[in-house]
Every structure is written in C-alpha cells, then in structure tokens.
Amino acid sequence: MNINLTLIGQSITFLFFVWFCHAFVWGYIRKAMEEREKQIADGLDAADRAGRDLELAQEKAAKQLREAKAEAASIIDAANKRANQIIDEAKESARTEGDRLKAAAQAEVEQEMNRAKEALRSQVAKLALAGAEKVLEASIDESVHKDMVDKLAAGL
Amino acid sequence: MAAESQSTVGYIQHHLTNLTYGKLPAGYERLDSEGHVHEVLAADTWTLAHSGQEAADMGFMAIHVDSMLWSIGLGFLFLLFFARIAKRAHSGIPRGAQNAVEMVIGFIDQTVKDGFHHKNAMIAPMALTIFMWIFLMNAMDLVPVDWIPQLAALISGDPHFYFKVVPTTDPNITLGMGFTIFGLMVYFTIAKKGFMGFVKELTLHPFHHPKWYVNVFLVPINFALEAISWISKPISLGLRLFGNMYAGEMIFILIATMFGAGLILGLFAGVLQWAWAVFHILVITLQAFVFMVLTIVYMATAHQIEEEDQFH
C-alpha cells in the first residue's frame, strides 16, 4: 500500500482511455442511437399525421354525404312542387279548353238551330202559301184535304 | 492451497502485496526469506521487490506491475469491445452486443444529462470510461482470490510471486483517478472562469463582505476552507472506492483462509464466499456508479459560472 509511480501511470492511462472512448466509442454509438430515435420519432409523427388525415377525410366524406342528401331532398322537393304545378296547370288548361269547346259547341248548336228555325220559318211561310193556294184551288174534299194536310205535315 | 505452506498471516500479507518494480538505493541490504542479509547492492538498482519491506523501501520510484497490468488490460478489454461495437453501430434494430452496449451508453448519457448541463463533449465519454473501467476492475474481486495469483506463481516458477488482481484495491489506482479528476476540475474551472475566477472562487467563498478591509481578513479563512473542500474531493473519491474494494477483498481473503481448515469449514467457507460474492456484485456496481456520478457532479461544479453572481 505504498504510494508510488503507479499513481501517475494510472493517471496517464485514465486520460488516454477517456480520449480513446471519446474518439472511437461514444460518438459512433450515440450517433446510431440518435438516428434511431429520430427515425422512431418521425415514424410516430407520420402515423399521427396519417391518423389526422384519415379523420379529416372521414369528416369531409361525411360532410359531402350530408350535403348530397340535402341537395337530393331539395331536388325531390322541387320536382314534387313542379309536378303539382304542372298538374294544376294541365287541369286549369283542360278546364278552360273544355269550357271553350262547350261554349263553341253551344254557339254552333244555337247557330244551327237559328238556321233551322230560319229555314223552317221560310218553308213554313212557303207551305202556308202553297197550302192556301191548294185550299183555294181544290174542292172541299175531306180526303183531298186530308191528303194535302198530311203532305204539308210531312213537308215540315 | 497457499494457506498450507504459509502461516495465515503470511498468506494474507502475501495477498495484499503488489508485484512491485522499482529502484532500490545503493547500499541496500536485501534479505532472503530467513531474514539474513543475502545481497548488498553496489549501485541504485531497478528490480522486482522480493518482499513487502523492499516494496516499501523503494519509495515513490516504484510501480505496481500487477495493478497497472490489470488496469490497462481491463481498460483495453472494455474499450476495444465497445469500439468494435461502435464501428458496426447502425440505426436499425439493435441486436445482441449492440443492444447491451447501447443500454449502458443510454444509461450513462441519461445520468450525464441529469447532472451536467454545460457544453462539454468530453464529460459523457469520461463518465462511460469511469463506470465501465472501474466496474471491470472491481469485478476482478469476484474471481476466487487464489486462482490468478496461483496461476501467476505457477507460470513465473516462484511460489512467492506477488500478484494482486483487483487494481481498485490499490490506492494508487483509485487516488490516481481521483487526482486526475481533481486536475481536470482545476483545468475546467480555469478554462471557464479564468485564472482570476479560480482564485476568486478559492478566496471569496463562503464568506464575503462588501467592504474590502473586512474582506482582507476573510480571504485567508475562505482559502483554508475552500482548499480543504477542494482537496477532500479527490481524496474522498479515491479512498471511498479503495476502502470499499479493499475491505471486500480482505473478507474474500479471510474466507479463503478457512478453505485449508478441514472439510466442514471448507464447505462453510464455500457458502460464505458465494454469498459474499453475490453481495459484492451490488457493491462493485454501486461503487463504479458512485465514482461516476461524483465525477459528473464535480465537473458540473467546475463549469458552473453563474454561481459566483448568485450571491450578490
């Protein structure tokens, strides 16, 4: 247990070993470890980002779906309204057309009737004239009169 | 067993003596094992000490060959292994040895980051070196005490060949590291705060008075206190490790003396040795860790610049 040169020998050896460890050991291993730590951190980051992206995409998809549904509903609504409107319009136009046709037909019937009345009136006048002629010309034979009157009637 | 051929005291002393190579002065009387003068040196001689007395008489100009051999050998074992792993280190999935090495380095790195907040790339490698190196040197304690010395005696052909295998039971080794760290502390303090900063740190703490004529009287007191606190750091660092390992080694040796005392005691000693070794696994790791942590703390103190201003 004497203190001697060993002390200095150990001291020099210690300094040399520290230098050696610094130069050939520590840096390389720490570098590898730090690289790996960075890789892991990056990987976790990427996973995180991907998760967030997925969430965003899902949200976006859900939103688009909601919008599409709303749009479809509004389109159907509008279509229904339009259909009702078209039906109403058709009904309306049909009714007016019917009324118009009816009015036209009535007018024609009336016209026809008037024409017939006119014709009849003219013919009745003629017949009356012809009948009066015959009555005046022929005897008062009943059969003859009867015939004549029948003829008159048939001519109506 | 060595205990059979020597007395117990001799056995223990033999185990506590380093293989010392040093200078014996001219006129030194070398004794043989019976205590007779065997040779008188004509001139200063560099030689291996043949006894503890000779090793002591060599004074400072001697070196513990066994301590240095194991210290350097284990240091290289650690560094070459780590350097080999470092060379192949990749950022992919670590396997096998790389995993183990990275675990140690990650642990050290965390400890350094917790205790040392300044910019100095040398501190972490130093902490790793201290931890692994001291751990390995301490771990030599777990090798049964007679194995390697007996092997060395067999190889050297000298049955009294001194060979201590646990470098950290040699105060030269532990104090050598302690004082190196002390030197680094002084170096970093001066590098960070300038020489005057270092002087101020030694003389204006812990007592300080704004009036200079009061300060003049405080300076010597401060210096005495600070000098003690500085010097105590490397010494406590070195002696703590040395004391723990020396005591552990001593108990292993004492247990080993029982092996020669019959079958029952021998078996009992075997159980004791096993139990003490298991306990010692804790001690060797803890001592390496304590040495490392204290080094980190001392280095952090040396780098601390603001401390001076916090008092004003």
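Residues numbered from 1 in each chain as written. Chains lettered and ligands numbered in written order. Predicted model: local features only at pLDDT ≥ 70, side-chain atom pairs only at ≥ 80, totals over all residues. Heavy atoms only, no water.

Caption draft 1: Molecular detail of the overall build of chain B. Helix and strand content of chain B: 11 helices and 5 strands. By its C-alpha atoms, chain B is 70 × 60 × 40 Å across when sized along the principal axes. Taken across its 312 residues, chain B has 47% of its residues classed as buried. The contacts in chain B between residues at least 6 apart in sequence include a share of 69% that link residues at least 24 apart. Summed over all atoms, the accessible surface of chain B reaches about 15600 Å², with 70% contributed by carbon and sulfur. For chain B, the separation between the mean place of its 15 positive charges and that of its 23 negative charges on side chains is 17 Å. (Helix = DSSP H or I, 4+ residues; strand = E, 2+ residues; numbered from the N terminus. Buried < 20%, exposed > 50% of the residue type's maximum accessible area, 1.4 Å probe, protein only. Contact = heavy atoms within 4.5 Å. Areas by Shrake-Rupley, 256 points an atom, 1.4 Å probe, with all protein chains shown as cover. Lys, Arg positive; Asp, Glu negative; His and termini not counted. Charge placed at Lys NZ, Arg CZ, Asp CG, Glu CD.)

Caption draft 2: Seen up close, the overall build of chain A. When its secondary structure is counted, chain A shows 2 helices and 0 strands. The C-alpha radius of gyration computed for chain A amounts to 61 Å, which surpasses the reference 15 Å derived for 156 residues by more than 25%, pointing to a less compact arrangement than a globule. For chain A, the spread of C-alpha atoms along the principal axes amounts to about 195 × 20 × 20 Å. Relative to its 156 residues, chain A shows a buried fraction of 15%. Accessible surface computed for chain A: about 12000 Å², of which carbon and sulfur atoms make up 61%. (Rg over C-alpha atoms; globule rule 2.2 N^0.38 Å.)

Caption draft 3: Main features of helix α7 (residues 147–156) of chain B. Residue and element names in this part refer to chain B. Of all the residues in α7, the buried ones are Ile148, Pro149, Ala152 and Ala153. Taken end-on, α7 shows its buried residues confined to a sector of 140°, consistent with a single buried face. Of the residues in α7, the exposed ones pointing more than 90 degrees away from the buried face are Trp147, Leu154 and Ile155. In the stretch just after α7, Gly157 is the one whose phi turns positive, near 80°. (Arc of directions from axis to C-beta.)

Caption draft 4: Summary view of the pattern of salt bridges. Across all of its chains, the model carries 12 salt bridges over all chains by this definition. Residues A:Arg95 and A:Glu92 are paired through a salt bridge, measuring 3.2 Å at the closest nitrogen-oxygen approach. Residue A:Arg95 and its partner A:Glu92 are located together in helix α1 (residues 6–137), separated by 3 residues, close to a single helical turn. The partner of B:Lys113 in a salt bridge is B:Asp109, with the nearest N and O atoms 2.8 Å apart. (Salt bridge = Lys/Arg side-chain N within 4 Å of Asp/Glu carboxyl O.)

Caption draft 5: Expanded view of helix α5 (residues 96–115) of chain B. Helix length check: α5(B) (20 residues) gives 29 Å between terminal C-alpha atoms against 28 Å at 1.5 Å per residue, within 8%. Three or more residues of α5(B) are buried, namely B:Gln98, B:Val101, B:Glu102, B:Val104, B:Ile105, B:Ile108, B:Asp109, B:Thr111 and B:Val112. (Expected span 1.5 Å × (residues − 1).)

Caption draft 6: Focus on the interface of chain B and chain A. At the interface, 56 residues of chain B touch 32 residues of chain A. Interface area for chain B against chain A, summed over the two sides, is near 3800 Å², with a carbon-plus-sulfur share of 74%. Summed over the three residues of chain B that lose the most area to chain A, namely B:Phe60, B:Ser91 and B:Asn172, the buried surface amounts to 17% of that side. For the pair chain B and chain A, the interface holds 2 salt bridges. A salt bridge links A:Arg30 to B:Asp109, with the nearest nitrogen and oxygen atoms 3.1 Å apart. Counting across the chain B and chain A interface gives 16 residue pairs in polar contact (both at pLDDT 80 or more). (Buried area = accessible area lost by both parts, 1.4 Å probe. Polar contact = N/O pair within 3.5 Å; in protein donor to acceptor, adjacent residues only side chain to side chain.)

Caption draft 7: Up close: the sheet that holds strand β5 (residues 62–64) of chain B. All names here are of chain B. Reading across the sheet, the 3 strands line up as β4-β1-β5 and stay open at both edges, with antiparallel pairing between neighbours. Each end of this open sheet is capped by a strand with a single partner; those strands are β4 (45–48) and β5. Taking each pair of neighbouring strands and ignoring which way they run, the sheet shows an average axis angle of 15°. With 3 bridges joining them, strand β1 (residues 20–24) and β5 adopt antiparallel strand pairing. From the neighbouring strand, Gly22 faces β5, where its bridge partner is Ala62. Sheet contacts for helix α4 (residues 65–88): β1, β4 and β5; angle to β5, the most-contacted strand, approximately 50°. (Pairing = 2+ DSSP bridges. Axes fitted to C-alpha atoms, helices over the stretch in contact; angles between N-to-C directions.)

Caption draft 8: Representation of a nonpolar patch on the surface. Nonpolar side chains collect at one region of the surface, where A:Ile3, A:Ile8, A:Ile12, B:Tyr21, B:Trp46, B:Leu48, B:Phe60 and B:Met61 lie side by side and expose about 700 Å² of accessible area between them. Along the polypeptide, A:Ile3 turns up in the segment before α1. (Patch = residues over 30% accessible without salt bridge, like charges linked within 9 Å, V, L, I, M, F, W, Y side chains within 5 Å.)

Caption draft 9: Main features of the packing of α5(B) against helix α6 (residues 123–139) of chain B. Residue and element names in this part refer to chain B. For the pair α5 and α6, the least separation of the axes is 9 Å and the interaxial angle reads 125°. In this view, α5 runs oblique relative to α6, as classed from their interaxial angle. Judged by the twist between their axes, the crossing of α5 over α6 is right-handed. Of α6, the residues touching α5 (which contributes Val104, Ile105, Phe107, Ile108 and Val112) are Ile123, Ala124, Ala127, Leu128, Phe131 and Met132. When grouped by side-chain class, the residues that make up the contact of α5 with α6 number 11 nonpolar, no polar and no charged. (Parallel < 35°, antiparallel > 145°, perpendicular 65-115°, else oblique. Left-handed = near helix turned anticlockwise from the far one by under 90°. Nonpolar A, V, L, I, M, F, W, Y, C, P; charged D, E, K, R; others polar.)

Caption draft 10: The packing of α1(A) against helix α8 (residues 171–203) of chain B, seen in detail. Interhelical geometry of α1(A) versus α8(B) gives an angle of 55° and a closest axis separation of 8 Å. Judged by the angle between their axes, α1(A) and α8(B) are oblique. You can see that α1(A) and α8(B) cross each other, and the crossing is right-handed. Facing α1(A), whose interface residues are A:Thr6, A:Leu7, A:Gln10, A:Ser11, A:Phe14 and A:Leu15, α8(B) presents B:Asn172, B:Ile173, B:Leu175, B:Gly176, B:Met177, B:Thr180, B:Ile181 and B:Leu184. Its residues assigned to classes, the contact of α1(A) with α8(B) comprises 8 nonpolar, 6 polar and no charged.

Caption draft 11: Representation of the confidence of the model for chain B within the structure. Residue and element names in this part refer to chain B. Of the residues in chain B, 96% have a pLDDT of 70 or more, and the chain-wide mean is 88. Of all secondary-structure elements in chain B, the lowest mean pLDDT belongs to helix α1 (residues 2–5), at 45, while α6 reaches the highest, 95. Here residues 1–5 is modelled with pLDDT under 50, and outside its nearest four sequence neighbours on either side it reaches 6 contacts, counting other chains as well. For this predicted complex, the interface score ipTM comes out at 0.89, alongside a pTM of 0.77. (pLDDT = per-residue confidence, 0-100.)

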